[in-house]
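Structural overview
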Amino acid sequence: MKNEWPLWEVFIRGQHGMSHRHVGSLHAPDPETAIRNARDVYTRRNEGVSIWVVEARHIAASSPDEKGPLFEPSESKIYRHPTFFDIPDEAGQM
Amino acid sequence: MADVDKDKLVQFLLRMGDNTLILGHRVSEWCGHSPVLEEDIALANTALDLIGQTQMWLGYAAEVQDEGKSADDLAFLRDVWDFRNLLLVELPNGDFGRTLMRQFLFDAWASVMLGRLIRSSDERIAAIAAKAGKEVAYHVERSAGTVVGLGDGTEESHDRMQAALDYLWPYVGEMFESDETDAALAAAKIAPDPSSLRTDYDALVNKVLAEATLDIPAGKFGHKGGRTGRMHTEHLGHLLATMQYLPRAYPGAEW
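Here's what I pulled together on the structure shown here. (Residues numbered from 1 in each chain as written. Chains lettered and ligands numbered in written order. Predicted model: local features only at pLDDT ≥ 70, side-chain atom pairs only at ≥ 80, totals over all residues. Heavy atoms only, no water.)

Re the overall build of chain B
The secondary structure content of chain B amounts to 11 helices and zero strands. A compact globule built from 255 residues should have a C-alpha radius of gyration of about 18 Å, and chain B, at 18 Å, falls within 12% of that. Projected onto the principal axes, the alpha-carbon positions of chain B cover approximately 55 × 45 × 30 Å. Within chain B, residue pairs in contact and separated by at least 24 positions form 81% of the contacts whose partners lie at least 6 positions apart. Surface exposure of chain B reaches about 11500 Å², of which carbon and sulfur atoms provide 54%. Charge separation in chain B, taken as the distance between the mean sites of 24 positive and 40 negative side-chain charges, equals 4 Å. (Helix = DSSP H or I, 4+ residues; strand = E, 2+ residues; numbered from the N terminus. Rg over C-alpha atoms; globule rule 2.2 N^0.38 Å. Contact = heavy atoms within 4.5 Å. Areas by Shrake-Rupley, 256 points an atom, 1.4 Å probe, with all protein chains shown as cover. Lys, Arg positive; Asp, Glu negative; His and termini not counted. Charge placed at Lys NZ, Arg CZ, Asp CG, Glu CD.)

Listed below in structure tokens is the structure:
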């Protein structure tokens, strides 16, 4: 539809979260309104302390068709998981 | 409680609480009907904030009144002539543009008023103003943003916002009317004299409306009578019929 507002993806950092997480999307005519809409749609239950919005067209995404070549090679490389190491307590949040 | 005639303090609290109650109900009428989902949720949030503020204002009014009534009794069991809200907030929603213009004109007043009330000599009023002030700071940011977006938008949205402003502006003056109740509260430093809010209000409203490319009507005529209870518009009775139906048809109902 020609008059449709652009789509924005919304990322919220929660009360105890270390990073912003994708929570959903919404429509808005400009970035300021997108942030206000995100506040009203996605933080009604005290979920957030910070909001990021990005217009969906600016996100480059991998294709589902490339799933095999992209992700399967790492399945057999369990030595890449850090589960073989003891992390000292003083290292804190990783 | 501050040092002022009890009836006058109740009158002031009813004026504050009836504004938020009636506007909150009006805004809630958009629930499920807004032009887009995002606005629908945002308006419902605003309505809920206003109803929450009503609980504080009318709850305190009922306490000061000391007649064994609750905030609910005051909201649902009074009739038109007992209400003390501004005429502005009881006007029908009209189109979305008029609703948002009314919201902005009220939010701008509420933000200035609450900014003064946080320094009230009455601790309860100061506490209510502090809590409500944060909500209203967001409301006015949002409604101002929408007024600018629509005013400085397409030809049609601009014309609708100008028509909304032309229709609503004659109801703005009532916010700054003063009577002996206001004088008594101002003397006791409980609340500012309403007329003293006009400079800050005009500064905010002029700035936003200029950005929205909208012209404030030149006429000086003003509708009033709501906050004194002298007269309301024909619309308030219809609103109350809807809002008060359930507690009147089923007295004492709980769920």
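Some points on the pattern of salt bridges
Residues and elements named next belong to chain B. This structure, assessed with the given rule, holds 17 salt bridges over all chains. Linking Arg-15 and Asp-182 is a salt bridge whose minimum nitrogen-to-oxygen distance equals 3.4 Å. Remark: Asp-182 occurs in helix H8 (residues 180-187) and Arg-15 occurs in helix H1 (residues 6-28); sequence separation between them is 167 residues. Taking relative accessible area as the criterion, Arg-15 reaches 4% and is therefore assigned buried. A relative accessible area of 6% means that Asp-182 is categorised as buried. (Salt bridge = Lys/Arg side-chain N within 4 Å of Asp/Glu carboxyl O. Buried < 20%, exposed > 50% of the residue type's maximum accessible area, 1.4 Å probe, protein only.)

Remember that the coordinates give geometry; whether it matters functionally is a separate question.
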